Structure formats: C-alpha cells, structure tokens
Amino acid sequence: MPGDLMEQVVNLAKRRGFVFPSAEIYGGFRSTYDYGPLGVLLLRNVKEAWWRSMVQLRDDVVGLDAAILSAPKVWEASGHLVNFTDPLVDCRSCKERWRADQIEGVCPNCGSKDLTDARAFNLMFKTFVGPVEEEANVAYLRPETAQGMFYNFLNVLQTSRKKPPFGIAQMGKSFRNEITPGNFVFRTREFEQMEMEFFVPPDEGAAWFEYWCRERLRWYVDLGIPDDQLRLRMHEADELSHYSAGTADVEFLYPWGWGELEGIANRTDYDLTQHSKHSGVKLEYFDQGTGTRYVPHVIEPAAGATRAMMAFLLAAYDEDEVGGEARTVLRLHPRLAPYKVAVLPLSKKDTLVPTTREVLELLQPHFMCEYDDTQSIGRRYRRQDEIGTPYAVTVDFDTLEDRAVTIRERDSTDQIRVPIEKLVDELKERLT
Ligand code: GAP
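S.K.: Let's hear about the overall build of the protein: which residues, and what values?
M.R.: Of regular secondary structure, the protein possesses 13 helices and 24 strands. Along the longest, intermediate and shortest principal axes, the C-alpha atoms of the protein span 75 × 65 × 50 Å. Counting over 432 residues, the protein shows a buried share of 51%. For the protein, restricting intrachain contacts to residue pairs at least 6 apart in sequence, the fraction spanning at least 24 positions comes to 64%. Computed over 52 positive and 68 negative side-chain charges, the separation of the two mean positions in the protein equals 3 Å.

Structure, rendered in structure tokens:
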C-alpha cells in the first residue's frame, strides 16, 4: 500500500480535477470544496448507483426532492432547534475552538488545559427570508434531507398509492455549521446526503432494521470496497441521537482509523408523531384490510454522497508496475468511474483522426468518453489509469484497413481487437 494514502488521494483529486479547495484564488474558504470535471462525474455516479439500488431496482421505494430552505416549525418539531447541538469549548490560551467530546480536556493545538466550560452550539445555518432580518423571517438550511420526507409523508402516500412497508428516498445538499470540519471532504459544512425513510408497521421495525443494515453494507462491497475495510457497528445507548431506538453505523477503515460512512437508524414513530403534534395534521396510515390505523415506524439508512465518494477514492487508489514502469491506478468500479471509455488515436497523425472521431461519436451516446490525442500512447494509458477509466479504445493504422480497434482493460492491461461495428455491444457487456 502507498505511503501516505490520504495525501496521495488529496493530491490526485486536485491534480486531476476531482476536488478543488473552494475559491482557491482567494486563499480558499474554510474547508469548503468544489467538484471539478472528474469529481462531478464521480459524485453523480455515486448518487446514481445509490438511486438505482434504492429506487430503480425496487418497487417499494419512491423518490422526492424537497426544498433546502425550511421553516423553523419543521426544526422545532424534529427536535433540531433544541437538540442538534455539539458541545463547544474555547481554549483560553490560543483561542482555538473545539468540540468538547473530541479533545479530553486538553487543547490539541497548544496543550493548554485552560478551557472554557462547554456550551451547546446549534449546528444549523440560520438565514432570513425576504429583505427584513427579523425573527419572523428566520429560515434554516436543512441539516439533513430526512425531514422533507416526513412532512411530505401524506402527500407521497396519497399520490403514489404505496402502503407500508414502503420508502421515500432523497439525495441532495445538507448544511451543518460543524465546529471541526476536516479530513478533506469527510466532514464539511456543505455536503450531500443520500437518505431513505422506510415506513413500516410498528411490529416490523426490528426486522427491517436488520434488513437495511445488511443491504447497505452490501451496496458498498458490490461497488468495490473490500469487505475487510468495512464493518457494521451498533451504537451504545449513550451515543444514540435524540430520535433513535437503535442505530448502526456502516464504518469504513479511513487512513486515520475506523469511522462512520453511513448511519442506519430505527427512528420508531418519533418523526411522524412530532410532525403530527406540531402541524395538527395526523400523519398516519389507515390499513383498509384490517381496519386499523397506526403511525408507521421508520427505518432510515442515511448515507453521505460526498463522504462515500471519498471512501470509494481511498479504496480504489493503488500503485503497481506495468512492463517495469510504475503507475498509479484507481481501481474504481466501472459504474463509478468518471469516464467509462477513453478514445485514443495511436498517434497524432492526421490520417487517424477522422476514424478516431467517428469511433468517439459512435460511443458517446452510450458512455461517458474522453478523447485524448496528446503525448505518447503509453503516457495516455497511464493518465487514464490514474483517473480510473476502465477501458481505452485505440485506433491505429491497421484500423484504416480492417475497421477494427484495440480495447485495453485498465486493471489487467490486457488488450483485445474488436471490429468497430461490434464495439458498442462489447463495451456494454463489459460495463454493465
Ligand atoms: N437523517 C439522519 C442523519 O442525517 P447523520 O449520521 O447525521 O444522520 C448521515 O448523517 C450521513 O451523512 C453520515 O453518515 C455521513 O456520511 C454524512 N454526513 C453527516 N455530516 C456530514 C458532514 N459534516 N460532512 C460530510 N458528510 C456528512
């Protein structure tokens, strides 16, 4: 394994256009990041893979995209206004701020034990809607996507004609005023979540909780994270969030040790009951079969898209040797790879360009492709390996005679010759 994995991945992410420190020309902006040409593709692919497994391949989950700006009433009902806090302490010597639960009474910056008492710091970003900055106009940026799915429970139930057990899934930005963001995109103030609220009859909560723990762990393994870098950890009673009757974390082995990748919580009827109380609208399900009315319990697999993207990058990073030459290779699952196919003329000679362009246009409707005609072919292969492109298609001088091209596979570097007319089918078979 490479020396400092974290450093290598952060460097690669910057150098190849996955993730840039935000507003870098102004010196950056406080642990905020921008996703470059490759990062935006990788992040989309992570979200797309989640949506595919959680929504497309199931008939018991539907989608939603709720507003990010939201009313204080939502957060009063959910408990976030009171409970969504971290204990904050200041170091009186160096003035740094810390989360009290992360530092064991000693300032990690200067070693001083002269710390203020901990005070509860609410993590929600507050803003004002409209021109007047007064209490009546306060709004919050959502700190989780979950609540939109609870307050839309009846809308979705009535329009989708689903009945428990069924789920609502949503992906999108969330915002938390984290006291100690860091470790690249592991913890940021603006990030993306992929959450699903699964509504079940109350007596089925425990069984569905176990089901979703297994499913979610498997999702990461299926997308290429080795299973010895993943584990499921049950929360101790004193770790549970204010709404949870049981939580398990899918943990990943980050370079600094085991840490949370996704949380799966048994939220019981907490959220629907709270929103019923605060809104005055009964959020229940009436089972016509049995004539009973109940408040469904909720099992919630809550993942971070940006955090998952980072875990996939860390797990995929590798260095090996090909033909006596060192290379860096991202062994990303083809579903996640930013580009699926690189289309390369063997040389820059004008004679090859029209056919290479023809191959590119043939492939573009089916796959995200990159065309590259710079440098030697060996260097271009290395560049594609480094960004995880699973296949490179090369047009050479024989192509002009036999209408066949070479497909090179990223991991093995094996090459096969394929007629252009069979290329789309051949790649489709390999990529799906
Ligand atoms: N609705 C439940 C909920 O939001 P959470 O454990 O606070 O649960 C779920 O968040 C996931 O969102 C986490 O496992 C993590 O992947 C991601 N996440 C949370 N805070 C984050 C942050 N500040 N930066 C990046 N990802 C974060």
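S.K.: How would you explain the pattern of salt bridges if you had to name every residue and give the values?
M.R.: With the rule as written, the count across this model stands at 37 salt bridges. R97 is the salt-bridge partner of D90, the closest N and O atoms lying 2.5 Å from each other. Overall, D90 belongs to the buried group, its relative accessible area being 14%. R233 is the partner of D249 in a salt bridge, and the nearest nitrogen-oxygen pair spans 3.7 Å. With a gap of 16 residues between them, D249 in strand β13 (residues 247–254) and R233 in strand β12 (residues 230–234) connect regions that are remote in the sequence. Residue class for D249 comes out buried when judged on its relative accessible area of 3%. On the basis of relative accessibility, which here comes to 25%, the residue R233 falls in the partly exposed class.

S.K.: Describe the site of the ligand, and please don't skip the residues or the numbers.
M.R.: Among the 21 residues in the neighbourhood of the ligand, the closest are listed as E144, R176, T188, E195 and E260. Within the side chain of Q193, one N or O atom sits 3.0 Å away from an oxygen atom of the ligand. Here the ligand, which alone exposes 550 Å², has 91% of that area covered by the protein. When contributions to the shell around the ligand are tallied by element, the ones reaching two or more residues are β11 (190–200), β14 (257–268) and β17 (297–304). Broken down by element, the shell around the ligand gets its largest block of residues, 5 residues, from β14. Classifying every residue of the shell around the ligand by side-chain character gives 7 nonpolar, 4 polar and 10 charged.

S.K.: Before we move on, could you go through the sheet that holds strand β4 (residues 69–70) and cite the residues and values that matter?
M.R.: Across a sheet, paired strands are connected by hydrogen bonds in the backbone, their directions being either parallel or antiparallel. With antiparallel pairing, 3 strands are arranged side by side in an open sheet as β4-β9-β8. Taken across any chain shown, the strands that pair with only one partner, and hence form the sheet edges, are β4 and β8 (126–128). Where β4 and strand β9 (residues 138–141) come together, 2 bridges link them in antiparallel fashion. Opposite S70, over in β9, you have Y140 as the bridge partner.

S.K.: How would you summarise the environment of S244 if you had to cite specific residues and measurements?
M.R.: Residue position: S244 is located in the loop between β12 and β13. Here the alpha-carbon distance between S244 and R267, two residues 23 residues apart in the chain, equals 4.7 Å. Once residues lying within four places of it in the same chain are set aside, the contact partners of S244 are A265 and N266. A distance of 2.7 Å separates polar atoms of two side chains, one belonging to S244 and the other to T247.

S.K.: Requested: an account of the sheet that holds strand β21 (residues 369–371), with residues and values cited.
M.R.: Across the sheet, which stays open at both edges, the 5 strands sit in the order β21-β20-β22-β23-β24 with mixed pairing between neighbours. Two strands bound the open sheet, and with one partner strand each, they are β21 and β24 (415–419). Each strand of the sheet is rotated relative to its neighbour by a mean of 25°, with strand direction disregarded. Pairing analysis gives 5 bridges linking strand β20 (residues 341–345) to strand β22 (residues 391–395), with the strands arranged parallel. Paired with V341 across the bridge in β22 is Y391. Contacts from helix α13 (residues 420–431) reach β20, β22, β23 (404–409) and β24 within the one sheet, and its direction differs from that of β24 by about 130°.

Quick notes on the rules
Residues numbered from 1 in each chain as written. Predicted model: local features only at pLDDT ≥ 70, side-chain atom pairs only at ≥ 80, totals over all residues. Heavy atoms only, no water. Helix = DSSP H or I, 4+ residues; strand = E, 2+ residues; numbered from the N terminus. Buried < 20%, exposed > 50% of the residue type's maximum accessible area, 1.4 Å probe, protein only. Contact = heavy atoms within 4.5 Å. Lys, Arg positive; Asp, Glu negative; His and termini not counted. Charge placed at Lys NZ, Arg CZ, Asp CG, Glu CD. Salt bridge = Lys/Arg side-chain N within 4 Å of Asp/Glu carboxyl O. Near = heavy atom within 4 Å. Polar contact = N/O pair within 3.5 Å; in protein donor to acceptor, adjacent residues only side chain to side chain. Areas by Shrake-Rupley, 256 points an atom, 1.4 Å probe, with all protein chains shown as cover. Nonpolar A, V, L, I, M, F, W, Y, C, P; charged D, E, K, R; others polar. Pairing = 2+ DSSP bridges. Axes fitted to C-alpha atoms, helices over the stretch in contact; angles between N-to-C directions.

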